[in-house]
Amino acid sequence: GSDEHGADVDIRVWDYRDEYAAERESILAIVDEVFSSGTLILGPNVRAFEQEFAAYCGTAHGVGVDNATNGLFLALRALGVGPGDEVITVPNTAVPTATAIVQAGATPRLVDIDPTTALMDPALLEAAITPRTRAVIPVHLYGQCVEMERVLPIAERHGLAVVEDCSQSHGARRHGRRCGSMGDAGVFSFYPTKPLGAFGDGGMVVTDDAERAESLRRLRFYGMTGTYFSEGEGYNSRLDEVQAAILRHRLRGLDDAIARRARIAARYDEALAELPITTFRTLEGNDHAHYVYAIRHPRRDELVAGLGERGIHVNISYPWPIHVMPGFPDTGRAEGDLPHSEAHAREVFSLPMYPSLPDASVEAVIAALTDLVG
């Protein structure tokens, strides 16, 4: 509604409804086809989508799971990570990255970020490795890849597994290689907001290793390979057939959607270069998927409130680093230990970003920011 700024706008940080309106008939036809098929769990669409998405990522195998949290957990278990082990990741990630580590029985160990990119600083990795370290989870945050060519040799030298957290980076590339294809396994989320989103929860683990893929299939299905006979450790973590069918359809438009995101990001880049606002550097060699358009400002909370008054709703990814949360008491890091991540959490917020965001809305966001900081 209108306010003292005369703004009669309502711009959300993310919205799927225009995309749904444009694709409604196709999507409902897909849903009807699945519902009429007689197969609702682990059917032909899950198998086909696993193959299609793995091929898109440049990997040999895909294993559909119910969400990326369980995808990370199962990937860690498939790689032999368990109680007593440590897994290195970053503090400025979504809670699920750390949840999955704890779920596997392991302890999250954290390294600080490069403040210019918000990504894991590979220069800090070696110092965080202990005799108990078993794996590293680089997080391809906001849609761009970590410098994997710096992470992988360190992991190899120390015998560590590498699980890429690709929950925000579908389609992103580093030196031409898609995220998810560089480590031992890559884990994707199909949560509705993601660059490739379902109409509900969903996830996938991709890998080049056939045995690992088989192990993941057993882990997601009670330790069974098809009959009611459990051969070992197992859970219930299956991608839903109807979501897989919708995701197959949406995968065909993913590159176009990423291209639209890139055009919006380019317009923000151009406008914000004139303003006293910090944007994040895209690493040379990276093709950015622009999941969110994150920026930093020391008066973040004031700007977020000011945008809200003007009808523009933004998001903070993420307001607290992992090591200050009571949910993760064992990281071995106290407040003050990871200064870049802590400053990031105080200053970061993200602007509206999704493929159907109209140009006029992008301009309204830019005008409001200019008004607030200009």
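Residues numbered from 1 in each chain as written. Predicted model: local features only at pLDDT ≥ 70, side-chain atom pairs only at ≥ 80, totals over all residues. Heavy atoms only, no water.

Caption draft 1: Examining the overall build of the protein more closely. Along the protein, the regular secondary structure elements total twelve helices and 15 strands. Taken over the C-alpha trace, the protein has a radius of gyration of 21 Å; the compact-globule value for 374 residues is 21 Å, and the two agree within 12%. Over its C-alpha atoms, taken along the principal directions, the protein stretches across nearly 65 × 55 × 35 Å. Put simply, 72% of the contacts in the protein that link residues at least 6 apart link residues at least 24 apart. Surface summary for the protein: the accessible area is close to 15,500 Å², and the carbon and sulfur share equals 50%. For the protein, the distance from the average position of its 34 positive side-chain charges to the average position of its 53 negative side-chain charges is 3 Å. (Helix = DSSP H or I, 4+ residues; strand = E, 2+ residues; numbered from the N terminus. Rg over C-alpha atoms; globule rule 2.2 N^0.38 Å. Contact = heavy atoms within 4.5 Å. Areas by Shrake-Rupley, 256 points an atom, 1.4 Å probe, with all protein chains shown as cover. Lys, Arg positive; Asp, Glu negative; His and termini not counted. Charge placed at Lys NZ, Arg CZ, Asp CG, Glu CD.)

Caption draft 2: Spatial organisation of the sheet that holds strand β3 (residues 107–110). If you trace the seven strands from one edge of the open sheet to the other, you get β1-β11-β10-β7-β6-β2-β3, paired in mixed fashion. Unpaired on one side and paired on the other, β1 (61–65) and β3 mark the two borders of the sheet. When the angles between neighbouring strand axes are averaged without regard to direction, this sheet yields 25°. Sheet topology places strand β6 (residues 133–136) next to strand β7 (residues 161–165); two bridges connect them, and they run parallel. Following the sheet pairing, V136 is matched in β7 by V162. Seen against the sheet, helix α3 (residues 68–78) touches β1, β2 (86–89), β6, β7, β10 (185–189) and β11 (203–207) and runs at an angle of roughly 165° to β10. Strand contacts of helix α4 (residues 95–103): β2, β3 and β7, with the helix running at about 135° to β3, the strand carrying the most contacts. (Pairing = 2+ DSSP bridges. Axes fitted to C-alpha atoms, helices over the stretch in contact; angles between N-to-C directions.)

Caption draft 3: Examining the packing of aromatic side chains more closely. Following the criterion strictly, the structure yields twelve aromatic pairs and no others. Ring plane angle 85° and centroid distance 4.8 Å describe the contact between F53 and F188, whose orientation is recorded as edge-to-face. On the criterion of sequence distance, the pair formed by F53 in helix α2 (residues 44–57) and F188 in strand β10 is long-range, its members being 135 residues apart. Each member of the pair, F53 together with F188, is buried. A ring pair is formed by Y268 and Y293, whose centres lie 4.9 Å apart and whose planes are at 45°; its orientation type is tilted. (Phe/Tyr/Trp six-rings, centres within 6.5 Å; stacked < 30°, edge-to-face > 60°. Buried < 20%, exposed > 50% of the residue type's maximum accessible area, 1.4 Å probe, protein only.)

Caption draft 4: Molecular detail of the pattern of salt bridges. Tallying each qualifying case throughout the model produces 26 salt bridges. Among the ionic pairs, E50 bridges to R220, the shortest N-O distance being 2.7 Å. Of this pair, E50 sits in helix α2 while R220 sits in the loop between α7 (210–219) and α8 (241–251), and the two are 170 residues apart along the sequence. In terms of burial, E50 and R220 fall into one category: buried. (Salt bridge = Lys/Arg side-chain N within 4 Å of Asp/Glu carboxyl O.)

Caption draft 5: Here's a closer look at the packing of α3 against α7. Put simply, α3 and α7 touch, their axes get as near as 10 Å, and they point 125° apart. Our classification of the angle between α3 and α7 gives oblique. Like other packed secondary-structure pairs, α3 and α7 cross with a definite hand, here right-handed. Between α3 and α7, the contacting residues are L74, A75, R77 and A78 on the first element and R212, S215, L216 and L219 on the second. When grouped by side-chain class, the residues that make up the contact of α3 with α7 number five nonpolar, one polar and two charged. (Parallel < 35°, antiparallel > 145°, perpendicular 65-115°, else oblique. Left-handed = near helix turned anticlockwise from the far one by under 90°. Nonpolar A, V, L, I, M, F, W, Y, C, P; charged D, E, K, R; others polar.)

Caption draft 6: Spatial organisation of the pairing of β10. Counted residue by residue, β10 has five buried out of five residues, so it is predominantly covered. Burial of β10 is two-sided: the residues A185, V187 and S189 facing one way and the residues G186 and F188 facing the other way are all buried. Two strands pair when backbone bridges link them, and β7 and β10 are joined in this way by three bridges, in the parallel orientation. Residue pairing across strands places D165 opposite V187, the latter belonging to β10.

Caption draft 7: Broad picture of the state of the cysteines. Per the stated rule, a full pass over the model turns up zero disulfides. Cysteine C57 shares no disulfide, and the gap to the nearest cysteine sulfur, in C179, comes to 6.3 Å. By relative accessible area, which is 3% here, C57 ends up buried. There is no disulfide at C179, and the cysteine sulfur nearest it, in C166, is 4.0 Å away. On the accessibility criterion, C179 (1% relative accessible area) is buried. (Disulfide = S-S within 2.5 Å.)

Caption draft 8: The arrangement of the sheet that holds strand β14 (residues 293–296) in detail. Taken together, the three strands give an open sheet; going across it, the order is β12-β14-β15, and neighbouring strands pair in antiparallel fashion. Two strands lie at the open edges of the sheet, namely β12 (278–279) and β15 (348–351), each paired on one side alone. Packing of helix α9 (residues 254–272) onto the sheet brings it into contact with β12, β14 and β15, and relative to β14 it is tilted by some 20°.

Caption draft 9: How the structure looks around helix α12 (residues 359–373). A rise of 1.5 Å per residue sets the reference length of α12, with its 15 residues, at 21 Å; its end C-alpha atoms lie 21 Å apart and thus fit the reference within 8%. Taken as a whole, α12 has its buried residues at S361, V362, V365, I366, A368, L369 and V373. Around the axis of α12, the buried residues are gathered within 165° of arc, so they sit on the same side. Turned more than 90 degrees away from the buried face of α12 sit D359, A360 and D371, all of them exposed. Of the surrounding elements, those touching the buried residues of α12 are α9, β14, α10 (300–309) and β15. (Expected span 1.5 Å × (residues − 1). Arc of directions from axis to C-beta.)

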